[in-house]
Amino acid sequence: MNIEQKLTATVIAALNTLYGQEVPEKMVQLQKTKKEFEGHLTLVVFPFLKMSKKGPEQTAQEIGEYLKQNAPELVSNYNAVKGFLNLTIASDCWVELLNSIHADAEYGITKEQAEYIYYASSVHDIGKIAIPDAIMLKPGRLTPDEFEIMKTHTTEGKNIMKKVFPGPENSTLLKYAEDIVLYHHEKWDGSGYPFGISGTKIPLCARIMTAADVLDALLSRRLYKEPMTVDQAMHIFRDLSGVQFEPCISKAVLDSRTEIASFDSYFKGEEEQNNLS
């Protein structure tokens, strides 16, 4: 069940509790929040005015407050604009998406593992501290020699982790972080770096990080390129399934298109607002 489906079910439960009426799924209209408003998904409130016997603003406020109080793992905040309820999806939903990537019997991934990956991923590019600014800030594609230097950010990152975060040797979070730092540019078919290992020889956390890192790069503006659309990024994940990405991880990304599009729209809207201010 993706985020939109969960939100639909939660809204139906909220309406039943607040107004004592069951509503069909098709009555719950969700759409991407417009970039001028804060939020990820917007609920159209007008269909519920008859049952609430209140105006659109008050109805939206009531539903939003119910969702925030009773489903904090799904909705972290809300704002009402006339008959539209803009909902901010909680960050924990990303952990749940990670949890779904290997939910079959062969692999399995616990919520605890997903959380380790979620938090350890924040240091995946720490090794870029050791890369010269002339390469990091180059407004164009790297030469082959420059790219060879850039590739060392994985091994340099591992060295930095050892120096900066010595920690206990049995630290699970540190182990996840080190694996992500070192292996997140390896590819499923063995054509990656720094070691050219393939398949399940690559730690699971790094295989997931590879997909997240590429998705972020495709959708983000860089010094040398404009961001891709979500559909363009999905096309690449289809093409590179079994090549760069483990097939089931590619599938998880493709199945999460709705959530990815919502977050992409939100963060690009935030970026535009920051550029204007």
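Our subject is the structure listed above.
Residues numbered from 1 in each chain as written. Predicted model: local features only at pLDDT ≥ 70, side-chain atom pairs only at ≥ 80, totals over all residues. Heavy atoms only, no water.

Caption draft 1: Examining the sheet that holds strand β1 (residues 30–32) more closely. A sheet is described by the order of its strands in space; here 4 strands give the open sequence β1-β2-β4-β3, paired in antiparallel fashion. Two strands in the sheet have a free side with no partner beyond their single neighbour: β1 and β3 (75–81). Ignoring strand direction, the axes of neighbouring strands in this sheet form an average angle of 30 degrees. Set on the sheet, helix α3 (residues 56–70) makes contact with β2 (41–44), β3 and β4 (84–89); between it and β3 the angle comes to about 175 degrees. (Pairing = 2+ DSSP bridges. Helix = DSSP H or I, 4+ residues; strand = E, 2+ residues; numbered from the N terminus. Axes fitted to C-alpha atoms, helices over the stretch in contact; angles between N-to-C directions. Contact = heavy atoms within 4.5 Å.)

Caption draft 2: Structural detail: the pairing of β4. In terms of residue burial, β4 counts as a mostly covered element, since 5 of its 6 residues are buried. Sheet topology note: the β2/β4 ladder contains 4 bridges and is antiparallel. The partner of Leu41 across the bridge, within β4, is Leu87. Connecting β3 to the next strand, β4, in antiparallel fashion are 2 residues, including Lys82 with a positive phi near 55 degrees. (Buried < 20%, exposed > 50% of the residue type's maximum accessible area, 1.4 Å probe, protein only.)

Caption draft 3: Broad picture of the packing of aromatic side chains. What the rule picks out here adds up to 6 aromatic pairs. Look at Phe46 and Phe84: their rings are 5.6 Å apart centre to centre, the planes differ by 85 degrees, and that puts the pair in the edge-to-face class. With a gap of 38 residues between them, Phe46 in the loop between β2 and α2 (49–52) and Phe84 in strand β4 connect regions that are remote in the sequence. The class for Phe46 is partly exposed, based on a relative accessible area of 42%. Relative to Tyr193, the ring of Phe147 lies with its centre 6.0 Å away and its plane at 90 degrees, an arrangement referred to as edge-to-face. Here Phe147, found in helix α7 (residues 144–151), pairs with Tyr193, found in the loop between α9 (172–183) and α10 (204–219); they are 46 residues apart in sequence, far enough to count as distant. (Phe/Tyr/Trp six-rings, centres within 6.5 Å; stacked < 30°, edge-to-face > 60°.)

Caption draft 4: Quick peek at the environment of Lys82. Structurally, Lys82 can be placed in the loop between β3 and β4. Classification of Lys82 by relative accessible area gives exposed; the value is 63%. Each C-alpha atom, one on Lys82 and one on Ala60, is 7.9 Å from the other, the two residues being 22 residues apart in sequence. Discounting chain neighbours no more than four positions away, the residues touching Lys82 are Pro56, Glu57 and Ala60.

Caption draft 5: Structural context of unusual backbone geometry. For the peptide bond that leads from Tyr193 to Pro194, omega is 15 degrees, which places it in the cis range. Relative to the helices and strands, Pro194 is located in the loop between α9 and α10. Of note in this structure, Lys53 is not a glycine but carries a positive phi near 60 degrees. Its location among the elements puts Lys53 in the loop between α2 and α3. Among the residues examined, Lys53 registers a relative accessible area of 76% and is labelled exposed. Look at Lys82: it is not a glycine, yet its phi comes out positive at around 55 degrees.

Caption draft 6: Up close: helix α5 (residues 111–120). Looking at α5, one finds that the buried residues are Ala114, Ile117 and Ala120. An end-on view of α5 places all buried positions within 140 degrees of arc, on one side of the element. For α5, the exposed residues set more than 90 degrees away from the buried face come down to Lys111 and Tyr119. (Arc of directions from axis to C-beta.)

Caption draft 7: Region of interest: the pairing of β2. Side-chain alternation along β2 places Leu41 and Leu43 on one buried face and Thr42 and Val44 on a second face that is also buried. Of the pairings in the sheet, the one linking β1 to β2 comprises 3 bridges and is antiparallel in character. Bridge pairing links Leu30 to Leu43 in β2.

Caption draft 8: The arrangement of α3 in detail. In this model, α3 (15 residues) spans 21 Å end to end at C-alpha, consistent with the 21 Å of a helix rising 1.5 Å per residue. Listing the buried residues of α3 in full gives Thr59, Ala60, Ile63, Gly64, Tyr66 and Leu67. The buried side chains of α3 occupy one side of the element, clustering within an arc of 160 degrees when seen end-on. At its buried positions, α3 is contacted by α1 (3–19), β2, α2, β3 and β4. (Expected span 1.5 Å × (residues − 1).)

Caption draft 9: Geometry of the packing of α1 against α3. At a minimum axis separation of 10 Å, α1 and α3 run at an interaxial angle of 115 degrees. With respect to each other, α1 and α3 are oriented roughly perpendicular. The two elements α1 and α3 cross, and the hand of that crossing is right-handed. Mapping the contact onto sequence places Thr10, Val11, Ala13, Ala14, Leu15, Thr17, Leu18 and Tyr19 in α1 and Thr59, Glu62, Ile63, Tyr66 and Leu67 in α3. For the contact of α1 with α3, the class distribution of residues is 9 nonpolar, 3 polar and 1 charged. (Parallel < 35°, antiparallel > 145°, perpendicular 65-115°, else oblique. Left-handed = near helix turned anticlockwise from the far one by under 90°. Nonpolar A, V, L, I, M, F, W, Y, C, P; charged D, E, K, R; others polar.)

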